[in-house]
Amino acid sequence: MMKLKALRFNPSTSSVLSFQRAAVSSTRNFWSASRCLNQVSVSNSEVSSSNNNSFLLSRSKPKLTVTKFNKPFSDRKQVLFERYEAIFSQSPAILVVQYINLPAESWTELRHKLKIECHGAEATVLKGGIAAAVVRGTPLDRMKFLFTGSVFTISWPIASQSPTYVNTIGKCPGEFVLPAEIKKALEIVSSYSQKLIPLGGMVDNALLTHKMIKDYTNTPSQHELLSQVVGILQNPASSLTRTLNHIPSRLVNVLKNMHQQ
């Protein structure tokens, strides 16, 4: 029987060294690539966290992350929490409105009107418990009493507050004037008779009732106030001018009478 000899591989010293060099080089490349990826991921996380922090409410209490039964928020509740916090932190005013049996087609119409006629205003239906958790320990803490029952908010995102904002029909409403936009939003809400009831809201971190918000919308704008001040300041000057202009004519009349006598 023929015996098969086992074949052995006897690598030379040069081949072993070249293999080791290649292994070391590939290892170095791997770790350098890993460091680059880690740096990129860290920088991306820092950017995303800084972007998120720019739309966070200032808090005197830790952010609530559990339910009243001490269970962690579900993914859906966390998404709603972040969405509500972004709305409350970005908008200069929040109007809270109660809705009663509003049909779906009316919702669509309402949202469209607010977008077009109120400088990009948005209507957002609230989950009262989550909304109350969002404002807990913030300057808006007292708003939680409005988050009962079926309510929604009217707010203005940052993009809609720009004078160059273009609405969904391609028109630029121009300068964003908050009292005027709130007034138009309340007029739209009132057109739905008993289906929508304004409860109040927040303007510049101040909690206001519905009546107070209406009074706020009727206050003169800064331009109107300046015009009134200028008018008040001009009245004494114009009166003095008329008086001084009248003196020479009176003097002439007196001299004429004296000459005739």
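Rules and cut-offs
Residues numbered from 1 in each chain as written. Predicted model: local features only at pLDDT ≥ 70, side-chain atom pairs only at ≥ 80, totals over all residues. Heavy atoms only, no water. Phe/Tyr/Trp six-rings, centres within 6.5 Å; stacked < 30°, edge-to-face > 60°. Helix = DSSP H or I, 4+ residues; strand = E, 2+ residues; numbered from the N terminus. Salt bridge = Lys/Arg side-chain N within 4 Å of Asp/Glu carboxyl O. Buried < 20%, exposed > 50% of the residue type's maximum accessible area, 1.4 Å probe, protein only. Core = buried A, V, L, I, M, F, W, Y, C linked by side-chain atoms within 4.5 Å. Contact = heavy atoms within 4.5 Å. Pairing = 2+ DSSP bridges. Axes fitted to C-alpha atoms, helices over the stretch in contact; angles between N-to-C directions. Parallel < 35°, antiparallel > 145°, perpendicular 65-115°, else oblique. Left-handed = near helix turned anticlockwise from the far one by under 90°. Polar contact = N/O pair within 3.5 Å; in protein donor to acceptor, adjacent residues only side chain to side chain.

Enquirer: With reference to specific residues and values, describe the packing of aromatic side chains.
Expert: Inspection of the entire model under this criterion finds six aromatic pairs. Centre to centre, the rings of Phe-88 and Phe-147 are 5.9 Å apart; their planes meet at 5°, and the pair counts as stacked. Here Phe-147 lies in the loop between helix H4 (128-135) and strand E3 (151-155) and Phe-88 lies in helix H2 (residues 75-90), a separation of 59 residues in the sequence. Note on Tyr-99 and Trp-107: the rings are 5.1 Å apart at their centroids and 75° apart in plane angle, and the pair reads as edge-to-face.

Enquirer: If you had to explain the pattern of salt bridges to someone new, which residues and values would you point to?
Expert: Considering all chains together, one arrives at six salt bridges under this definition. Across the pair Glu-122 and Lys-115 runs a salt bridge, and its minimum N-O distance is 3.2 Å. On the basis of relative accessible area, Glu-122 is assigned to the partly exposed category, the value being 28%. Owing to a relative accessible area of 26%, Lys-115 belongs among the partly exposed residues under this scheme. One salt bridge connects Lys-184 with Glu-181, and the closest N-O pair in it is separated by 3.2 Å. Taken as a pair, Lys-184 and Glu-181 lie in helix H5 (residues 178-190) at a separation of three residues, close to a single helical turn. The network of salt bridges with common partners includes Arg-59, Lys-63 and Glu-85.

Enquirer: Help me get a handle on the nonpolar core, residues and values and all.
Expert: Within the largest apolar cluster, 25 residues are counted, with the highest numbers of intra-cluster contacts made by Leu-110, Leu-114, Ile-154, Trp-156 and Ile-182. Counting only elements with at least two residues in this core, the list comes to strand E1 (93-99), helix H3 (104-117), E3, H5 and strand E4 (196-203). Looking at which element gives the most residues to this core, the answer is H5, with six residues. If near-sequence neighbours (up to four positions away) are discounted, Ile-182 is found in contact with Ala-93, Leu-95, Trp-156, Val-203, Ile-213, Tyr-216 and Thr-217. Grouped together as the second largest cluster of nonpolar side chains are 21 residues, Phe-81, Val-96, Ala-133 and Leu-140 included.

Enquirer: Tell me what's going on with the sheet that holds strand E2 (residues 122-125), and back it up with residues and numbers.
Expert: Within the open sheet, the five strands sit side by side as E2-E3-E1-E4-E5. Their pairing is antiparallel. Only two strands of the sheet have a single neighbouring strand rather than two, namely E2 and strand E5 (206-209). Averaged over all pairs of adjacent strands, the angle between their axes in this sheet comes to 25°, without regard to strand direction. The pairing of E2 with E3 spans four bridges and is antiparallel.

Enquirer: Any details on the packing of H3 against H5? Residues and values, ideally.
Expert: Viewed as axis vectors pointing N to C, H3 and H5 meet at an angle of 155°, and their least axial separation amounts to 10 Å. In terms of orientation, H3 lies roughly antiparallel with respect to H5. Between H3 and H5 lies a crossing of right-handed hand. For the pair H3 and H5, contact is made by Leu-110, Lys-113, Leu-114 and Glu-117 and by Glu-181, Lys-184, Ala-185 and Ile-188, respectively.

Enquirer: Explain the side chain of His-119 to me, and be specific about the residues and the numbers.
Expert: With respect to the helices, strands and loops of the structure, His-119 is situated in the loop between H3 and E2. Looking at His-119, the relative accessible area reads 2%, which means it is buried. Looking at His-119, its side chain comes within polar contact range of the main-chain oxygen of Gly-174, at 2.8 Å. Not counting the four nearest positions on each side in its chain, His-119 is found in contact with Leu-114, Trp-156, Ser-160, Ser-162, Tyr-165, Pro-173, Gly-174, Glu-175, Phe-176 and Glu-181.

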